[in-house]
Every structure is written in C-alpha cells, then in structure tokens.
Amino acid sequence: MSAPLPVVRGVAELRAQVSAWRKEGLTVALVPTMGALHAGHLSLVKRGLELVDRVVASVFVNPTQFGPNEDFARYPRQEEQDAAALTGAGCHLLFAPTVDEMYPQGFATAVSVGGVSEGLCGAVRPGHFAGVATVVTKLLLQCLPDVALFGEKDYQQLAVIRRFARDLDIPVRIEGVATMREEDGLAMSSRNAYMTPEQRAIAPWLVRGLSGIADGLRAGAKAADLCPMAASGLLKAGFDSVDYIEVRDAASLAPAETLDRPLRILAAARLGKTRLIDNIGVEP
Ligand code: PAF
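Residues numbered from 1 in each chain as written. Predicted model: local features only at pLDDT ≥ 70, side-chain atom pairs only at ≥ 80, totals over all residues. Heavy atoms only, no water.

Here's the deal with the site of the ligand
- What surrounds the ligand is the set Pro32, Thr33, Met34, Asn62, Gln65, Val135, Val136, Asp154 and Gln157.
- A distance of 2.6 Å is found between an oxygen atom of the ligand and a side-chain nitrogen or oxygen belonging to Gln65.
- Interatomic distance of 2.7 Å between a side-chain N/O atom of Gln157 and an oxygen atom of the ligand.
- Protein chains bury 88% of the 290 Å² of accessible surface belonging to the ligand in isolation.
- At the level of secondary structure, the elements contributing two or more residues to the shell around the ligand comprise strand S2 (28–33) and helix H6 (128–143).
- In terms of residue class, the shell around the ligand is built from 4 nonpolar, 4 polar and 1 charged. (Near = heavy atom within 4 Å. Polar contact = N/O pair within 3.5 Å; in protein donor to acceptor, adjacent residues only side chain to side chain. Areas by Shrake-Rupley, 256 points an atom, 1.4 Å probe, with all protein chains shown as cover. Helix = DSSP H or I, 4+ residues; strand = E, 2+ residues; numbered from the N terminus. Nonpolar A, V, L, I, M, F, W, Y, C, P; charged D, E, K, R; others polar.)

Here is the structure:
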C-alpha cells in the first residue's frame with residue numbers, strides 16, 4: 001500500500017514544500033481541480049508525471065466562478081476519495097485550501113480576460129471566466145510550478161488560461177490534455193453524477209451532434225447550416241435546451257464557417273438541472 005498523500009491547506013506550507021523540491025533540483029507540475037475527481041483528472045496527473053518530477057494537485061471548489069443560480073452548494077465534495085485517487089495516480093501533494101485562505105477578508109481583485117472569454121460559455125455564465133482566471137492566477141502564483149495541466153474538455157477555459165498566462169508573463173507552461181470519454185462517448189465530468197439514468201442515456205447525443213457537424217464540415221457544408229440542425233437534433237434527442245453549438249477557429253476561437261483551417265466545434269446543453277459542455281477538433 002502506498003503512503004497517504006500529504007495534504008497542505010495553507011499557501012506558506014505549499015511554498016515550503018515546492019521550494020524544498022526545487023532545492024533538490026526537482027521540477028514541479030500543478031493540476032488545478034475542483035475535486036470530485038474522475039479518470040479525466042487522473043490523466044492530467046499522469047501526464048504531469050511524464051513531464052516533471054513532482055505533481056501537486058489542488059482541490060478547491062472556487063465560489064467566484066459560480067453564478068448566483070448555479071450549482072456551487074451542491075457541487076460534489078469528497079476529499080477523502082479524491083486523496084485516495086490522487087495517491088493511486090502517483091500524485092505527490094494535495095493542496096486543499098479553505099475559502100478564507102484563498103479569499104481573505106477584504107479581497108478585492110479580479111483577473112478579467114477579454115477576447116477569448118467572450119461568447120460561448122462567457123455569454124451564458126457572466127463572471128465565470130473572471131472567477132476562473134482569478135483563482136487560477138492565484139494558484140499559479142502560489143505554487144509557481146514549471147507546468148500546469150488542464151483538460152481540453154473545458155476548451156474555452158484552456159484558451160482563457162493560455163491568454164492571461166501569456167498576457168501577465170506568468171512563467172508557467174500551460175499544457176492541455178485530451179478529453180477522456182465514457183464508452184458511449186460522453187465526456188467525463190464531475191457533473192455527470194447529477195444525472196438520472198434517463199438523462200444519462202440522452203447525454204451522449206451531445207458528442208454525436210458535434211461529430212455530425214464535423215462530418216458535415218468535412219463534406220464541405222457550412223457551420224451556419226449545420227449548427228441549427230444539430231441543435232434541433234439535441235432537442236429531439238431529449239435535451240431541454242441548447243445554450244450554444246458553434247464552430248470556432250481552434251486557436252483564436254474566432255467564429256468560423258468552413259473547414260479551411262483547424263477548427264473546434266463547441267456546445268453546451270441542458271438536461272434538467274444539469275448543464276453539459278463538450279467540444280471536438282476537426283482538421284482540414
Ligand atoms: O476546471 C476546473 O475544474 C476549474 O475551473 C479550475 C480550473 C480548477 C479553476 O477553479
């Protein structure tokens with residue numbers, strides 16, 4: 001049996017451990033998460049272990065990235081299970097700060113990212129990306145890893161993080177890792193646990209809709225024709241509403257019509273109270 005994973009809750013302890021590793025000449029990766037870990041998160045830890053000597057995972061359900069009517073209160077919290085999963089994946093340290101440690105009395109700063117934050121999830125979840133950018137900036141500065149890893153499942157989030165890390169000269173390499181999927185194609189997500197069996201059976205139609213658009217683009221069709229058809233397909237399959245289904249440039253996230261460069265097809269749709277997001281790439 002492997003030893004239990006060391007857990008630190010304060011920034012000072014985190015920094016002490018990272019600087020001890022640095023004195024030994026070791027390199028460090030950070031995997032920021034909100035917990036409720038699944039195989040997708042563990043694949044970030046595994047990729048981190050390929051790149052560096054020591055991997056730190058953070059678990060913090062960040063209140064500032066949830067809107068007032070979103071699922072902050074019911075977001076799953078299961079630190080013991082998460083720590084066991086991280087130990088099994090070979091993680092070296094868990095940073096699990098309290099809300100007061102991250103947002104002390106009087107906290108008054110936000111990182112606001114233009115451009116890539118606008119549209120898609122940014123249009124439907126006002127303030128969400130400022131919350132993400134603020135907490136990830138803090139986590140990067142608290143840990144100062146060589147590499148930080150994020151899933152491509154949150155593709156717009158990854159673009160936002162790449163943008164502010166570059167704009168603010170944060171000296172950390174941002175590494176995106178491919179989405180892990182269930183056998184029927186559903187992207188792994190901590191929010192999948194919210195679904196009833198009936199909703200879970202409908203959920204894989206989201207990635208099927210994205211694949212249908214990819215096929216259409218490859219056959220020469222335009223996004224403006226394909227996306228509305230895919231949205232009505234999702235409603236017919238049983239989704240309650242579609243927040244967006246769009247084709248964007250894979251790098252800039254600018255709107256795109258035809259397959260003349262690498263593109264990303266992104267969607268968000270709701271099944272009851274559960275909001276699912278997914279995206280896939282398509283190359284000319
Ligand atoms: O993707 C997530 O789980 C969160 O948005 C992140 C990056 C950990 C910031 O809270």
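As for the sheet that holds strand S1 (residues 7–8)
- A sheet is described by the order of its strands in space; here 6 strands give the open sequence S1-S4-S3-S2-S5-S6, paired in parallel fashion. Because the sheet does not close on itself, it has two edges, and the strands there are S1 and strand S6 (173–177).
- Where S1 lies against strand S4 (residues 93–95), 2 bridges are found, and the strand directions are parallel. Across the sheet, the residue bridging to Val8 is Phe95, located in S4.
- Packing against the sheet, helix H1 (residues 11–23) makes contact with S1, S2, strand S3 (54–59) and S4, and its axis sits at approximately 150° to S4. (Pairing = 2+ DSSP bridges. Contact = heavy atoms within 4.5 Å. Axes fitted to C-alpha atoms, helices over the stretch in contact; angles between N-to-C directions.)

Notes on the packing of aromatic side chains
- Overall, the coordinates contain 4 aromatic pairs when judged by the stated rule.
- Between Phe66 and Phe72, the aromatic rings sit 5.3 Å apart at their centres with planes inclined by 65°, giving edge-to-face as the arrangement.
- For Phe66, a relative accessible area of 10% puts it in the buried group.
- Phe72 sits in the partly exposed class, given a relative accessible area of 28%. (Phe/Tyr/Trp six-rings, centres within 6.5 Å; stacked < 30°, edge-to-face > 60°. Buried < 20%, exposed > 50% of the residue type's maximum accessible area, 1.4 Å probe, protein only.)

So, the pairing of strand S5 (residues 147–151)
- For S5, a buried count of 4 out of 5 residues is recorded, marking the element as mostly surrounded by other parts of the structure.
- For S2 and S5, the ladder comprises 2 bridges, and the chain directions are parallel. Looking at the pairing, Leu30 lines up with Ala148 of S5.
- One crossover worth recording links S5 to the parallel S6 by way of helix H7 (residues 155–167), and it is right-handed. (Right-handed = clockwise from strand over helix to strand, strands pointing away.)

Description of the side chain of Asp71
- By the secondary structure assignment, Asp71 is in the loop between S3 and helix H3 (79–89).
- A polar atom in the side chain of Asp71 sits 2.8 Å from the side chain of Tyr194.

Description of the pattern of salt bridges
- Per the stated rule, a full pass over the model turns up 17 salt bridges.
- Two residues, Asp278 and Arg181, come together in a salt bridge whose shortest N-O distance is 2.8 Å. On the criterion of sequence distance, the pair formed by Asp278 in strand S9 (residues 274–282) and Arg181 in the loop between S6 and helix H8 (197–202) is long-range, its members being 97 residues apart.
- Given the relative accessible area of 4%, Asp278 is considered buried.
- The class for Arg181 is partly exposed, based on a relative accessible area of 28%. (Salt bridge = Lys/Arg side-chain N within 4 Å of Asp/Glu carboxyl O.)

What about the pairing of S3?
- Of all 6 residues making up S3, 5 are buried, and the element is well covered by its neighbours.
- As paired strands, S2 and S3 are joined by 6 bridges and run parallel to one another. The residue bridging Val31 from the neighbouring strand is Ala57, located in S3.
- With helix H2 (residues 39–51) bridging S2 and its parallel neighbour S3, the resulting β-α-β unit is right-handed.
- Pairing analysis gives 3 bridges linking S3 to S4, with the strands arranged parallel. Bridge pairing in S4 places Val56 opposite Leu93.

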